[in-house]
Amino acid sequence: MKKKMVSAIIVAMILSLAACGKKTDAPEEGARPADTEETVQEETESESAEAEETEEEEFIDLNKEVIFSDEYLAKEVSSKASSLTVGGLQEITDLDLNYDKITVPGELAYFTNLQSLEMSATNSGDISWLSYFPNLKYLKLIYNHIENIEAIGNCTNLLSLDVESYNITDISFLEQLTALEGLSIKTDALQDFSVIGNLLNLTVLDLDVSAAESLNIDFTGLTNLKFLNVGGGFTDLTPLDSLN
């Protein structure tokens with residue numbers, strides 16, 4: 001009888017040890033398999049490398065000298081910048097230029113902090129370079145022959161806009177310039193002025209349009225308007241009645 005009990009106890013102990021061994025071999029709850037840990041480590045290293053690459057891309061050498069191929073532009077900015085370096089050109093906040101003399105408009109891209117720009121030209125030209133100046137607040141363009149000026153709509157921080165050109169026919173881009181406080185337009189062909197009624201921050205409006213007939217602007221929302229000048233060929237000024 002005792003022998004049977006001893007045998008039973010030994011068998012039970014063996015089974016218990018075997019079960020413990022199996023439990024030890026199983027991974028603990030919440031533990032990651034070895035290959036998963038390696039994958040996580042690889043992902044972390046990859047993210048770190050990408051972050052370093054991004055930092056390198058964002059780094060700008062402000063001391064790098066800018067070599068202008070456009071001699072006129074270099075001459076005009078040399079008196080304003082402390083140096084003809086990337087950092088020196090970023091110090092410039094205002095420019096007064098003659099576009100006819102600029103042979104490489106792309107070099108205007110260096111003036112990333114420009115806030116005021118006056119540009120004149122006797123010939124037609126591409127003004128897509130205005131997209132270089134997201135911080136521009138004051139813009140004056142005098143072009144004898146240019147029809148498409150919608151690129152001005154890229155300068156969404158503009159406070160004052162003065163445009164003079166014979167052939168302007170569309171000013172719908174103004175709907176993007178909601179911060180505009182001063183607007184002056186001098187042209188011949190423009191007929192639709194309705195978008196101006198949406199510029200609720202306007203305090204100054206100066207229109208001189210020789211071929212226009214109706215001043216089709218809803219002035220009821222322009223409650224901040226303090227100065228208004230309307231000249232040219234307008235024959236119907238009825239909308240002005242709402243200002244009384």
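Look above for the structure.
Residues numbered from 1 in each chain as written. Predicted model: local features only at pLDDT ≥ 70, side-chain atom pairs only at ≥ 80, totals over all residues. Heavy atoms only, no water.

(A) The overall build of the protein chain, seen in detail. Of regular secondary structure, the protein chain possesses 4 helices and 7 strands. For the protein chain, the residues scored as buried account for 30% of the 244 residues in total. A separation of at least 24 residues holds for 17% of the contacts in the protein chain among residues at least 6 apart in sequence. Of the roughly 15,100 Å² of accessible surface on the protein chain, a fraction of 50% belongs to carbon and sulfur atoms. (Helix = DSSP H or I, 4+ residues; strand = E, 2+ residues; numbered from the N terminus. Buried < 20%, exposed > 50% of the residue type's maximum accessible area, 1.4 Å probe, protein only. Contact = heavy atoms within 4.5 Å. Areas by Shrake-Rupley, 256 points an atom, 1.4 Å probe, with all protein chains shown as cover.)

(B) Here's a closer look at the environment of Leu73. Among the structural elements, Leu73 can be located in helix 3 (residues 71-78). Judged by relative accessible area, which is 0%, Leu73 ranks as buried. Along the sequence, Leu73 and Tyr99 sit 26 residues apart, while their C-alpha atoms lie 9.5 Å from each other. Each residue touching Leu73, except ones within four places of it in the same chain, is listed here: Phe68, Leu97, Glu107, Leu108 and Phe111.

(C) Structural context of the pairing of strand 5 (residues 182-187). With 5 of 6 residues buried, strand 5 is to be regarded as a mostly interior element. Taken together, the 6 bridges between strand 5 and strand 6 (residues 204-209) define a ladder with parallel strand orientation. Counterpart to Leu183 in the pairing with strand 6 is Leu205. (Pairing = 2+ DSSP bridges.)

(D) Geometry of the nonpolar core. Counting 60 residues, the largest nonpolar core has Phe111, Leu117, Leu130, Ile152, Leu161, Leu174 and Ile196 as its most contacted members. Looking at this core, the elements with two or more residues in it are helix 3, helix 4 (86-90), strand 1 (94-98), strand 2 (116-121), strand 3 (138-143), strand 4 (160-164), strand 5 and strand 6. Among the elements that take part in this core, helix 3 stands out by supplying 4 residues, more than any other. Residues within four places of Phe111 in sequence aside, it is in contact with Phe68, Leu73, Val77, Leu89, Ile92, Leu95 and Phe133. (Core = buried A, V, L, I, M, F, W, Y, C linked by side-chain atoms within 4.5 Å.)

(E) Up close: the sheet that holds strand 7 (residues 227-232). Strand order in the open sheet formed by 7 strands is 1-2-3-4-5-6-7, and the pairing between neighbours is parallel. Because the sheet does not close on itself, it has two edges, and the strands there are strand 1 and strand 7. Neighbour-to-neighbour, the strand axes of this sheet turn through a mean angle of 0°, independent of strand direction. As paired strands, strand 4 and strand 5 are joined by 5 bridges and run parallel to one another. Note that in strand 5 the partner of Ser160 across the bridge is Gly182. (Axes fitted to C-alpha atoms, helices over the stretch in contact; angles between N-to-C directions.)

(F) Structural view of the environment of Phe133. Tracing the backbone shows Phe133 in the loop between strand 2 and strand 3. Contacts of Phe133, omitting those with residues within four sequence positions, involve Leu108, Phe111, Leu114, Leu117 and Cys155.

(G) View of the pattern of salt bridges. A complete count under the given rule lists 1 salt bridge for this structure. Asp94 is paired through a salt bridge with Lys80; the nearest N and O atoms lie 3.0 Å apart. Of this pair, Asp94 sits in strand 1 while Lys80 sits in the loop between helix 3 and helix 4, and the two are 14 residues apart along the sequence. On the basis of relative accessibility, which here comes to 36%, the residue Asp94 falls in the partly exposed class. (Salt bridge = Lys/Arg side-chain N within 4 Å of Asp/Glu carboxyl O.)

(H) Structural context of the packing of aromatic side chains. For the structure on display, the rule yields 6 aromatic pairs. When the ring of Tyr99 is compared with that of Tyr143, the centres are 5.8 Å apart and the planes differ by 45°; the resulting orientation is tilted. Within this pair, whereas Tyr99 is found in the loop between strand 1 and strand 2, its partner Tyr143 is found in strand 3, the two being separated by 44 residues in sequence. The residues Tyr99 and Tyr143 share a single accessibility class, namely buried. (Phe/Tyr/Trp six-rings, centres within 6.5 Å; stacked < 30°, edge-to-face > 60°.)

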